[in-house]
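Listed below are the residues making up each chain.
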Amino acid sequence: MLTVVAGLAYLLLWPVPAQPVSWTPQQAPGYVGAHLPNTKLAGLQKIDIGAEQGPEHLALGPDGKLYAAVASGQILRMAPDGSQREVFASTGGRVLGFDFDAGGRLIAADAIKGLLAIAADGKVSVLATQVADGDPIRYADGVVVAPGGAIYFTDASTRFAPAQWGGTFEASVLDILEQSSTGRVLAFDPASGKTRILASGLSFANGIALSGDGRTLFVNETGRYRIWKIDADSGKRSILFDNLPGYPDNLMRGRDGKIWVGLVKPRNPTIDKLAGMPFMRKVTLRLPRALWPVPKAYGHVFAFSEDGKVLADLQDPSGAYPETTAVLETQDRLYVQSLHAGYIGWMPRP
């Protein structure tokens, strides 16, 4: 009897770091319309990355090489076919997104270290660890460099820093379960070295991409299943996609005006049901991690136009390539990014 009482007391009273707030999601649409189930993402070919895991972000550099940010904090460099693989740089943190500036530097959003610049010789320097008012950047996530040199990046959560809460996945779970919507979009000015807040109040601000004319940002709000359009100067915003069938993660500009997004996980009915039950979400955090309502694996990426039309949709219901975060599109290939995979998946460009 005493054991039962102790167990109940633990489930009901044990302190947890998150303070969940109530919110009301729309009913999940399922896989309908432009997102009808298909297997176009199944059977990906593989590029070996050795003992590394989690090619979360991929990009072609100005040297024509393929760069990949992996979970160890290293950035790999290789030929587009995966040969000649080497370690380009190591940040000691976890790079979740990067872009190249006009000078050829790799500009990285490191969830542990902040906004970084990596020179052609692999030397790492810090650009920003706080905004202009001194508030720390806790969870740098996605980044894009504008033609004029301005750097835009997301700070996914100002509540849960991966450095303090066990890593990027653990911190993201806490933030999305809490739903306090503290994510923001930041703008770094290379001339002044200052960082300003462009937009805030987002539930896990994640991937970011720039419009073709450089005036509009596209930003994923992972915790609310939507993608925003945000004016790069004023921060004025509007919803481009709402009530998606999964959690949008990264954004990458493709060819012919396309923008690719990855749905890292599908919607989970249990999580949506708990949206209006903050106390039960606290109870969930007290359960062993194996009992958390983590959505099943399901490969899914799609491409859209700047006005919100879905142009391509690729799925693999088996989830063989886990946690698809986005796509790097080249002239002849689609490279698929992943949060936890032990290789880079790719397919010939349709």
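Residues numbered from 1 in each chain as written. Predicted model: local features only at pLDDT ≥ 70, side-chain atom pairs only at ≥ 80, totals over all residues. Heavy atoms only, no water.

### Topic: a nonpolar patch on the surface
Stated precisely, the cut-off is as follows: Only residues whose relative accessible area exceeds 30% and that form no salt bridge enter a patch; like-charged residues are grouped when within 9 Å of one another, and nonpolar side chains (Val, Leu, Ile, Met, Phe, Trp, Tyr) when within 5 Å. Each accessible area is a Shrake-Rupley result for a 1.4 Å probe, and residues are judged covered by the shown protein chains and nothing else. By convention in these notes, a salt bridge is any Lys or Arg side-chain nitrogen within 4 Å of a carboxyl oxygen on Asp or Glu. Put simply, DSSP marks the helices as runs of H or I at least four residues long and the strands as runs of E at least two long, and each gets a number from the N terminus on.
A contiguous nonpolar patch, built from M277, F279 and M280 and spanning about 270 Å² of accessible area, is present on the exposed surface. Take M277: it is sitting in the loop between α3 (269-273) and α4 (278-286).

### A look at the sheet that holds strand β22 (residues 324-329)
For clarity, the cut-off: Pairing between two strands requires that DSSP report at least two bridges joining them. Axes here refer to lines fitted to C-alpha atoms; in helices the fit is confined to the stretch in contact. Angles between the N-to-C directions go from 0 to 180 degrees.
Overall, antiparallel pairing links the four strands, which are arranged β1-β24-β23-β22 in an open sheet. Looking at the sheet topology across the chains shown, the edges are occupied by β1 (45-48) and β22. The average angle at which neighbouring strand axes cross in this sheet is 30°, direction not considered. Looking at chain direction, β22 and strand β23 (residues 333-338) are connected through five bridges and run antiparallel. Pairing of A326 across the sheet is with Q337, part of β23.

### Quick look at the nonpolar core
For soluble globular proteins, the rule of thumb is that nonpolar side chains tend to be buried together. Stated formally: Among buried residues, the Ala, Val, Leu, Ile, Met, Phe, Trp, Tyr and Cys ones that are joined through side-chain atoms within 4.5 Å form a nonpolar core. Burial here depends on accessible area, computed with a 1.4 Å probe over protein chains only, as a share of the maximum for the residue type. Under 20% is buried, over 50% is exposed, and the range in between is partly exposed. Contact criterion: two residues are considered in contact whenever any of their non-hydrogen atoms come within 4.5 Å of each other.
Counting residues in hydrophobic clusters, the biggest one holds 34 residues, and the most contacted among them are Y139, F241, L244, L251, L285, F302 and F304. Elements that contribute at least two residues to this core include exactly α2 (168-178), β17 (237-241), β18 (246-253), β19 (259-266) and β20 (299-304). In terms of residue count, the dominant contributor to this core is α2 (five residues). Ignoring sequence-local partners within four residues, the contact set of F302 consists of H35, F241, L244, I259, W260, V261, L263, V310, A312 and D313. Judged by nonpolar contacts, the second largest core, of 16 residues, contains A187, A199, L210 and I230.

### Observations regarding the pairing of strand β11 (residues 151-155)
The buried count for β11 comes to five of five residues, which makes it a mostly enclosed element. Of the two faces of β11, both are covered, the one formed by I151, F153 and D155 as well as the one formed by Y152 and T154. Note: strand β10 (residues 140-145) against β11, four bridges, orientation antiparallel. Each bridged residue has a counterpart across the sheet, and for A140 the counterpart in β11 is D155. Here β10 folds back onto β11, and the loop between the two strands holds five residues, one of which, G149, carries a positive phi near 105°. Of the pairings in the sheet, the one linking β11 to strand β12 (residues 183-189) comprises five bridges and is antiparallel in character.

### Section: the sheet that holds β17
Judged by pairing direction, the sheet is antiparallel, and its four strands sit side by side in the order β14-β15-β16-β17 without closing on themselves. The sheet terminates laterally at β14 (205-210) and β17, the two strands that pair on one side only. Averaged over all pairs of adjacent strands, the angle between their axes in this sheet comes to 30°, without regard to strand direction. Sheet analysis places strand β15 (residues 216-221) next to strand β16 (residues 226-231), joined by six bridges and oriented antiparallel. Following the sheet pairing, T216 is matched in β16 by D231.

### Examining the environment of K282
Positionally, K282 belongs in helix α4. The exposure class assigned to K282 is partly exposed, which follows from its relative accessible area of 23%. Sequence separation of K282 and E178 is 104 residues, and the distance between their C-alpha atoms is 8.6 Å. When near neighbours in sequence (up to four residues on either side) are disregarded, K282 contacts V16, A18, Q19 and P20.

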